[in-house]
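Observations on the three-dimensional arrangement
Residue-level listing of the chains:
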Amino acid sequence: MARVAVYGAGSWGTATAVVLADAGCRVALWGRRPELVRAINTTRTNPDYLPGSVLPHAVTATADPAEAADGAEVAFLCVSAQQLRGALGTWAPAIRDDTVLVSLMKGVELGTGLLMSQVIAEVTGAGPERIGVVSGPNLAREIAARQPAASVVACRDLTVAARLQEILRTPCFRPYTNADVIGCELGGAVKNVIALAVGMADGMGLGDNTKATLMTRGLAETSRLGAAMGADPRTFAGLAGMGDLIATCASPLSRNHTFGANLGRGMSVAEAAAAMTQTAEGVTSCASVLDLAKRHGVEMPIAEAVVGVIRAGVRPRTAVKELMGRAAGSE
Ligand SMILES: NC(=O)c1ccc[n+]([C@@H]2O[C@H](COP(=O)([O-])OP(=O)(O)OC[C@H]3O[C@@H](n4cnc5c(N)ncnc54)[C@H](O)[C@@H]3O)[C@@H](O)[C@H]2O)c1
Ligand SMILES: O=P(O)(O)OC[C@H](O)CO
């Protein structure tokens, strides 16, 4: 039985712990707050982040990073993207040098423009053969309810990706391997920004043509940035690209979509933020995605429009007018 650790007992960390337990692993789930750890171990649920889902007995929560790391072949990391660097700094001393480190996150670090795999490499000094990523159309509540879904496990070393595939595979969760770590991470980070835009369109009462346009042109922006960063263009047609974009933009369960819809209905950014109890990663990462685009000389007009709404108080209707008023182009 493989022993694994999941650092971060939020909604996705907890849902991933369920998948890993179903796949036959013994799972240590690290949580920051001792009272939540106690509640998880006594009620077998995570009342704050995944209420209603019963956790398998193979999942044990702990607030001690060393206890979580003990004997772990893989450490899955899952806090909000801007918290990773600080949190990993406290976990890393407890984690063995041969433990594979896997990001479950979908964001870009503000200021540095680093993807989560790059933050992991910088903080721990681990090489690419020890760093993986899981990304795909995986809304936590659906995964925890064991609805059939697929995802991508990426690592530059395909032997490691294949091991991660084995560790995560269940009758309901089907991971595919990929060596394109950057493409998978970009797909996940940028779709959050596009889901904010689609949510705004929904909130404004706009219809399916508008949303299909945002999703398709959003994927074009993602692919352009990916090409500039050395990603494999095929990744964006797969589960970590188009797949995740569709799930997030279409689902009322998506926090990014919900945040955008609240803005589209007329809430201010502060009001929309106050209405959230969980991470809507695109709200912060939109600025770092746009920053990355500028560094690579890539045009990302939808991401720019989202940053305008979130950071500069542009009204969603004005942002739509500006996008439609851009110079005509070719596909
Ligand atoms: N929820 C999903 O459906 C889903 C699916 C796939 C990927 N993701 C990605 O997973 C990441 C986390 O999302 P989530 O849904 O689990 O968020 P969440 O808001 O449900 O949970 C965030 C967790 O991070 C912890 N945390 C925050 N700051 C911390 C710090 N400084 N130190 C330690 N822990 C800290 C919180 O206590 C909480 O447990 C995001 O990048 C998100 O895009 C989420
Ligand atoms: O709820 P969201 O918007 O963070 O999206 C969750 C997952 O990333 C969907 O794959």
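Bear in mind the structure is a predicted one, so any value in this text is a computation, not a measurement.

Some points on the site of ligand 1
Taken together, 25 residues surround ligand 1, and among them Gly10, Trp12, Met105, Ala140 and Thr279 come closest. Elements with a minimum of two residues in the shell around ligand 1: helix H1 (11-22) and helix H4 (84-91). Top contributing element to the shell around ligand 1 by residue count: H1, with 3 residues. Classifying every residue of the shell around ligand 1 gives 11 nonpolar, 11 polar and 3 charged. Here the shell around ligand 1 spans two domains, and each of domain 1 (3-179) and domain 2 (182-324) adds at least three residues to it.

Re helix H5 (residues 116-124)
Looking at H5, one finds that the buried residues are Met116, Ser117, Val119, Ile120 and Thr124. Down the axis of H5, the smallest arc covering the buried residues is 160 degrees, so these residues share one side. Buried residues along H5 sit in contact with strand S4 (74-77), H4, strand S5 (100-103), strand S6 (131-135) and helix H8 (181-203). Just past H5, the residue glycine 125 takes up positive phi, approximately 75 degrees.

Re the site of ligand 2
By nearness alone, 14 residues border ligand 2, and Asn138, Thr248, Ser254, Arg255 and Asn256 come closest of all. Residue composition of the shell around ligand 2, by class: 4 nonpolar, 6 polar and 4 charged. Both of domain 1 (3-179) and domain 2 (182-324) provide at least three residues apiece to the shell around ligand 2.

Concerning the nonpolar core
Of all hydrophobic cores here, the largest spans 111 residues; its most connected members are Ala5, Phe76, Leu77, Ile194, Cys286 and Val306. The element contributing the most residues to this core is H8, with 13 residues. Setting aside chain neighbours within four positions, we find alanine 5 in contact with Ala28, Trp30, Ala68, Ala69, Ala72, Ala75 and Phe76.

As for the packing of H8 against helix H9 (residues 208-228)
Each pair of packed helices can be described by the angle between their axes along with the distance between the axes. Taken N-terminus to C-terminus, the directions of H8 and H9 make an angle of 155 degrees; their axes are 9 Å apart at the nearest point. Considering the angle they form, H8 stands roughly antiparallel to H9. As for how H8 packs across H9, the hand of that crossing is right-handed. Side by side, H8 and H9 meet where Gly183, Leu186, Gly187, Val190, Ile194, Ala197, Val198 and Ala201 of the first sit next to Thr210, Lys211, Leu214, Met215, Gly218, Glu221, Thr222, Leu225 and Gly226 of the second.

Quick look at the pairing of strand S1 (residues 3-7)
Within S1, 4 of the 5 residues are buried, which leaves the element mostly enclosed by the surrounding structure. Pairing of S1 with strand S2 (residues 26-30), which is carried by 5 bridges, proceeds in the parallel orientation. In the sheet register, arginine 3 faces S2, and the bridge partner there is arginine 26.

Let's talk about the UniProt feature "domain: Glycerol-3-phosphate dehydrogenase NAD-dependent C-terminal" (unreviewed entry) in the protein chain
As annotated in UniProt, the feature "domain: Glycerol-3-phosphate dehydrogenase NAD-dependent C-terminal" (unreviewed entry) corresponds to residues 180-320 in the numbering used here. This span, residues 180-320, is 73% helix and 0% strand, and a straight line between its end C-alpha atoms measures 33 Å.

Looking at the sheet that holds S1
Reading across from one edge, S3-S2-S1-S4-S5-S6-S7-S8 is the order of the 8 strands in this open sheet, with mixed pairing throughout. Looking at strand neighbours, the two that pair on one side only are strand S3 (59-62) and strand S8 (173-178), the edges of this open sheet. With direction set aside, neighbouring strand axes in the sheet form an average angle of 25 degrees. Across 4 bridges, the pairing between S4 and S5 is parallel. In the strand pairing of S5, leucine 77 is matched with serine 103.

Observations concerning the UniProt feature "domain: Glycerol-3-phosphate dehydrogenase NAD-dependent N-terminal" (unreviewed entry) in the protein chain
Cross-referencing UniProt, the feature "domain: Glycerol-3-phosphate dehydrogenase NAD-dependent N-terminal" (unreviewed entry) maps to residues 4-159 in the present numbering. When the span residues 4-159 is considered, its composition is 33% helix and 21% strand, and the gap between its end C-alpha atoms is 18 Å.

Some remarks on the confidence of the model for the protein chain
Low pLDDT marks stretches whose predicted atomic positions should not be read closely. For the protein chain, the mean per-residue pLDDT works out to 98, and 100% of the residues sit at or above 70. Taken over the whole predicted complex, pTM reads 0.98, whereas the ipTM for its chain interfaces reads 0.99.

A look at the packing of H8 against helix H10 (residues 239-250)
In contact at an axis separation of 9 Å, H8 and H10 are set at 30 degrees when each is read in the N-to-C sense. Between H8 and H10, the interaxial angle falls into the category roughly parallel. For the pair H8 and H10, the crossing hand works out as right-handed. Facing H8, whose interface residues are Cys184, Gly187, Gly188, Lys191, Asn192, Ile194, Ala195 and Val198, H10 presents Ala240, Gly241, Asp244, Leu245, Thr248 and Cys249.

Focus: unusual backbone geometry
Most peptide bonds are trans, and most residues other than glycine sit at a negative phi. Even without being a glycine, arginine 44 presents a positive backbone phi close to 60 degrees. With respect to the secondary-structure elements, arginine 44 resides in the loop between helix H2 (34-43) and S3. Located in the positive-phi region is arginine 146, a residue other than glycine, with phi close to 60 degrees. Here arginine 146 is to be found in the loop between helix H6 (140-144) and strand S7 (149-155). Exposure remark for arginine 146: the 15 C-beta atoms within 10 Å place this residue in the partly exposed category.

Quick notes on the pairing of S4
Burial of S4 is two-sided: the residues Val74 and Phe76 facing one way and the residues Ala75 and Leu77 facing the other way are all buried. The sheet contact formed by S1 and S4 spans 4 bridges and is parallel. In the strand pairing of S4, tyrosine 7 is matched with leucine 77.

About the thresholds
The residue count restarts for each chain, going from 1 along the sequence in the order it is written. Written order decides the labels, with chains lettered from A and ligands numbered from 1. Per-residue local features of the predicted model are confined to residues with pLDDT of at least 70, and side-chain atom pairs are confined, for both listing and counting, to 80 or more; whole-chain, interface and lining totals are unaffected and use all residues. Near, for a residue, is defined by distance from a backbone-placed C-beta atom to a molecule or strand, with 6 Å as the limit that must not be exceeded. For helices the rule is a DSSP run of H or I covering at least 4 residues; for strands it is a run of E covering at least 2, with both sets numbered from the N terminus onward. The classification used treats Ala, Val, Leu, Ile, Met, Phe, Trp, Tyr, Cys and Pro as nonpolar, Asp, Glu, Lys and Arg as charged, and all other residues, Gly among them, as polar. Note that the domain bounds were set by an automatic or database domain assignment. Partly exposed residues are those whose C-beta has more than 12 but fewer than 20 other C-beta atoms within 10 Å; with 20 or more the residue is buried, with 12 or fewer it is exposed, and the C-beta atoms are placed from the backbone. Along the arc lie the directions from the helix axis toward the C-beta atoms. Once C-beta atoms have been placed from the backbone, residue pairs whose C-beta atoms lie within 7 Å are recorded as contacts. By definition, a nonpolar core groups buried Ala, Val, Leu, Ile, Met, Phe, Trp, Tyr and Cys residues that are joined through C-beta atoms within 7 Å. In this analysis an axis means a line fitted to C-alpha atoms, helices contributing only their contacting stretch, and an angle means the value between N-to-C directions, from 0 to 180 degrees. Working rule for angles: under 35 degrees goes down as roughly parallel, over 145 as roughly antiparallel, 65 to 115 as roughly perpendicular, anything else as oblique. The hand of a helix crossing depends on one turn: near helix anticlockwise from the far one by less than a right angle means left-handed, and clockwise means right-handed. Strands are treated as partners if at least two bridges between them are detected by DSSP. UniProt positions are given in the numbering used here, feature names are shortened, and annotations may be inferred rather than shown by experiment. Each residue carries a pLDDT value, the predictor's own confidence for that position, ranging from 0 to 100.

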